[in-house]
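# Topology and contacts: notes
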Amino acid sequence: MRKYIFTLSCLLVFAFGSVLAQENATEIKKVDKPVRSPFESGYLIDNQTTLIQPVKTLEFAIQHKFGSVENGHSDLWGLYAPSANIRLALNYVVAENIQIGLGVTKGGTADENALKMITDFNAKWTILEQTRNNTVPIALAVYGNIAIDGRDKDIFEYDYGFSDRLSSFAQVIVGRKFNDEISLQTGLSYSHFNLIDKGSYHDKLGVHFNGRFKVSPQGSIIFNFDAPIDLISLDSEADDYKNSKPNLSFGYEISTSTHAFQIYMGNSKGLIQQDIMVNNSNKIDLDNFMIGFTITRLWNF
Amino acid sequence: MKTLKNIFIGLSLVFTGILLAAFTLPQNKKVGRPWEIPAKYKTMENTFKDDASLLKVGKMLYTKHCKSCHGSKGEGNGPKAKSMKTAIRSLKSAEVQSQADGVLYYQSFVGRDEMPNYEKKIGDDEDRWAIINYLRTMK
């Protein structure tokens with residue numbers, strides 16, 4: 001864990017150092033512009049990228065995860081399974097590299113017989129953009145959300161309070177476009193649920209690693225790996241806890257002027273990240289994989 | 001047997017009609033009215049004219065933003081072209097290629113009617129000229 005924090009700190013210091021060192025130089029030199037399209041969308045499977053669209057862009061996102069493929073053709077490899085998860089979201093770029101958003105996620109599963117209807121309010125700020133001549137060698141972004149569990153209050157146990165519905169997620173993302181084909185990101189996150197099931201954590205640290213490999217002007221192979229970190233010190237209450245399972249996804253992205261289409265397979269049902277980091281009980285096993293897609297549509301104003 | 005023959009003739013007529021319509025409909029589209037280009041663009045200088053390093057960038061951006069209407073080779077036969085009310089000129093044609101760079105710039109990024117404005121989607125001037133340079137390779 002310390003190693004991750006140390007590595008991230010070094011990258012941050014290096015990045016800020018580079019900016020300061022070049023501040024005077026840019027006055028007389030040609031401006032070093034940000035790299036072109038480090039990613040095609042603000043979404044990468046079920047995670048965020050450092051990319052934020054131009055100011056006054058409205059983004060509509062449709063995210064869907066079907067059921068697991070374990071039943072084979074009987075439910076068409078999960079496509080007709082009842083446990084699908086859906087998130088619809090709108091994001092708007094209010095200022096240069098600052099985006100706010102609102103999303104609604106179905107959540108829950110068929111056997112729980114309860115739609116969670118999670119509403120999340122989120123924001124992303126790309127603090128640093130990688131530049132073409134490496135004046136700034138990395139992109140740095142912070143992302144956070146607060147989510148409200150929308151189930152009937154009778155579902156919650158005794159001493160119900162509104163705060164029982166709340167959960168949050170905060171993430172630092174560091175990315176680099178290595179060349180026209182390869183862009184990679186890593187990140188550190190903190191997830192929190194005010195109310196949890198027995199045997200879960202309230203809080204969870206996680207590390208993230210994802211990227212894309214462009215195989216044609218419009219097509220890329222994409223992947224994502226989220227690893228929850230098992231830190232007992234974060235939650236003394238959970239004596240019989242089970243650490244949530246890592247989330248591995250891989251797929252293909254097609255991008256056009258106004259759309260990005262990502263189709264993938266992954267082993268987590270969650271669509272908001274705190275759900276993925278805290279509640280994923282599916283091991284990385286072929287039977288647990290489910291087909292999913294993320295589609296974004298942009299409008300410029 | 002006679003019924004079967006009638007069905008066969010009927011279906012043949014329908015398919016022939018569809019086939020003929022497929023060839024005739026696009027030709028009925030009208031080319032847009034002449035462009036009114038502001039003086040600023042008529043004399044606008046392409047500041048990246050000789051930058052060969054931008055050709056790859058131009059191709060990438062053309063593929064992402066323009067191909068769906070203008071086609072992969074600029075012949076105006078992209079998948080979206082069929083749904084347009086206006087006929088799309090071939091970017092290879094002398095009519096297009098004889099225009100000044102600044103005129104192509106105006107038509108491509110400021111646009112009008114069915115040719116949408118791309119000034120926000122392609123915000124960087126260098127990227128816009130990269131596309132113009134790429135269009136020049138379609139002669």
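Just so we're clear, the structure is a prediction, and the values are computed from it rather than from any experiment.

### Describing the overall build of chain B
The helix and strand inventory of chain B stands at seven helices and two strands. The secondary structure elements of chain B, listed N-terminal to C-terminal, are α-β-α-α-α-β-α-α-α. Going through the 139 residues of chain B one by one, you find that 22% of them count as buried. Long-range contacts, defined as pairs at least 24 residues apart, comprise 63% of the intrachain contacts of chain B with a sequence gap of at least 6.

### Describing the overall build of chain A
Within chain A, the secondary structure is distributed over two helices and 14 strands. Residues counted as buried form 39% of the 301 residues belonging to chain A.

### Section: the sheet that holds strand S9 (residues 182-193) of chain A
Residues and elements named next belong to chain A. Spatial strand order, S3-S4-S5-S6-S7-S8-S9-S10-S11-S12-S13-S14: 12 strands in a closed barrel with antiparallel pairing. Sheet twist, expressed as the average angle between the axes of neighbouring strands with direction ignored, equals 20°. Relative to strand S11 (residues 219-229), strand S10 (residues 203-214) runs antiparallel, the two being bridged by 10 bridges. From the neighbouring strand, phenylalanine 213 faces S11, where its bridge partner is isoleucine 221.

### Some thoughts on the domain arrangement of chain B
Each domain of chain B was delimited in the assignment, giving domain 1 (1-30) and domain 2 (32-136). The gap between the C-alpha centroids of domain 1 of chain B and domain 2 of chain B is 37 Å.

### Structural notes on the pairing of strand S6 (residues 118-128) of chain A
Residue and element names in this part refer to chain A. Two elements, strand S5 (residues 98-105) and S6, share eight bridges in a ladder whose sense is antiparallel. When the bridges of S6 are listed, threonine 105 appears paired with isoleucine 118. With nine bridges connecting them, S6 and strand S7 (residues 139-148) associate as antiparallel partners. Among the inter-strand pairings, alanine 123 is bridged to a residue of S7, identified as glycine 144.

### Quick look at the interface of chain A and chain B
Between chain A and chain B, the residue contacts involve nine residues of the former and 12 residues of the latter. Grouping the amino acids of the side of chain A that touches chain B by side-chain chemistry returns two nonpolar, five polar and two charged.

### Looking at the packing of helix H6 (residues 101-110) of chain B against helix H7 (residues 125-136) of chain B
Residue and element names in this part refer to chain B. Between H6 and H7, the least distance of the axes is 10 Å, while the angle of their chain directions is 115°. Between H6 and H7, the interaxial angle falls into the category roughly perpendicular. By crossing handedness, the relation of H6 to H7 is classed as right-handed. In this structure, H6 uses Asp101, Leu104, Tyr105, Ser108 and Phe109 to contact H7, whose residues at the interface are Arg128, Ile131, Ile132 and Leu135. Along the lines of polarity and charge, the residues of the contact of H6 with H7 split into six nonpolar, one polar and two charged.

### A short note on H6(B)
Residue and element names in this part refer to chain B. What H6 keeps buried is the set Leu104, Tyr105, Tyr106, Ser108 and Phe109. As for H6, its buried residues are in contact with helix H2 (39-42) and H7. Glycine 111, located one to two residues past H6, shows a positive phi value of around 70°.

### What about the confidence of the model for chain B?
Overall, the predicted model of chain B reaches an average pLDDT of 87, with 92% of residues at or above 70. Complex prediction metrics read pTM 0.82 and ipTM 0.76.

### Quick look at the environment of B:Tyr106
All names here are of chain B. Inspection of the secondary structure assignment puts tyrosine 106 in helix H6. Spatially, the C-alpha atom of tyrosine 106 lies 16 Å from that of tyrosine 134, the residues being 28 residues apart in sequence. Look past the residues within four positions of tyrosine 106 in its chain and what remains in contact with it is Ile37 and Tyr41.

### Looking at the nonpolar core
If you look at the biggest cluster of nonpolar residues, it comprises 22 residues, and the most contacted ones within it are B:Leu61, B:Ala130, B:Ile131, B:Ile132 and B:Leu135. Every element with two or more residues in this core is listed here: helix H3 (54-65), H6 and H7 of chain B. Those residues in contact with B:Ile131, other than ones at most four positions away along the chain, are B:Gly58, B:Leu61, B:Tyr62 and B:Ser108. The next biggest cluster of nonpolar side chains, apart from the first, holds 17 residues, and it includes A:Tyr264, A:Met265, A:Phe289 and A:Ile291.

### A word on unusual backbone geometry
Residue and element names in this part refer to chain A. Even without being glycine, serine 37 reaches a positive phi, approximately 30°. Tracing the sequence through the fold places serine 37 in the loop between helix H1 (2-28) and strand S1 (43-44). Despite not being glycine, leucine 76 shows a phi value in the positive range, around 50°. In this structure, leucine 76 sits in the loop between strand S3 (57-68) and strand S4 (85-95).

### Comments concerning the packing of H3(B) against H7(B)
Angle between the axes and distance between the axes are the two parameters that describe a pair of packed helices. Residue and element names in this part refer to chain B. Direction vectors running N to C along H3 and H7 enclose 90°, while the axes themselves pass 7 Å from each other. Overall, the two elements H3 and H7 adopt an arrangement that is roughly perpendicular. On H7, the residues touching Leu54, Leu55, Val57, Gly58, Lys59, Leu61 and Tyr62 of H3 are Asp127, Ala130, Ile131, Asn133 and Tyr134. Looking at the contact of H3 with H7 residue by residue, the classes come out as eight nonpolar, two polar and two charged.

### Quick look at the pairing of S9(A)
Residues and elements named next belong to chain A. Bridging between strand S8 (residues 166-177) and S9 involves 11 bridges; their strand directions are antiparallel. Each residue of the ladder has a partner; that of serine 167, found in S9, is phenylalanine 193. Where S8 folds back onto S9 in an antiparallel hairpin, the turn is made up of four residues. Sheet analysis places S9 next to S10, joined by 11 bridges and oriented antiparallel. In the strand pairing of S10, glutamine 185 is matched with asparagine 210.

Reading guide: rules and limits
- Residues numbered from 1 in each chain as written.
- Chains lettered and ligands numbered in written order.
- Predicted model: local features only at pLDDT ≥ 70, side-chain atom pairs only at ≥ 80, totals over all residues.
- Helix = DSSP H or I, 4+ residues; strand = E, 2+ residues; numbered from the N terminus.
- Buried ≥ 20, exposed ≤ 12 C-beta atoms within 10 Å, placed from the backbone.
- Contact = placed C-beta atoms within 7 Å.
- Pairing = 2+ DSSP bridges.
- Axes fitted to C-alpha atoms, helices over the stretch in contact; angles between N-to-C directions.
- Domains from an automatic or database assignment.
- Nonpolar A, V, L, I, M, F, W, Y, C, P; charged D, E, K, R; others polar.
- Parallel < 35°, antiparallel > 145°, perpendicular 65-115°, else oblique.
- Left-handed = near helix turned anticlockwise from the far one by under 90°.
- pLDDT = per-residue confidence, 0-100.
- Core = buried A, V, L, I, M, F, W, Y, C linked by C-beta atoms within 7 Å.

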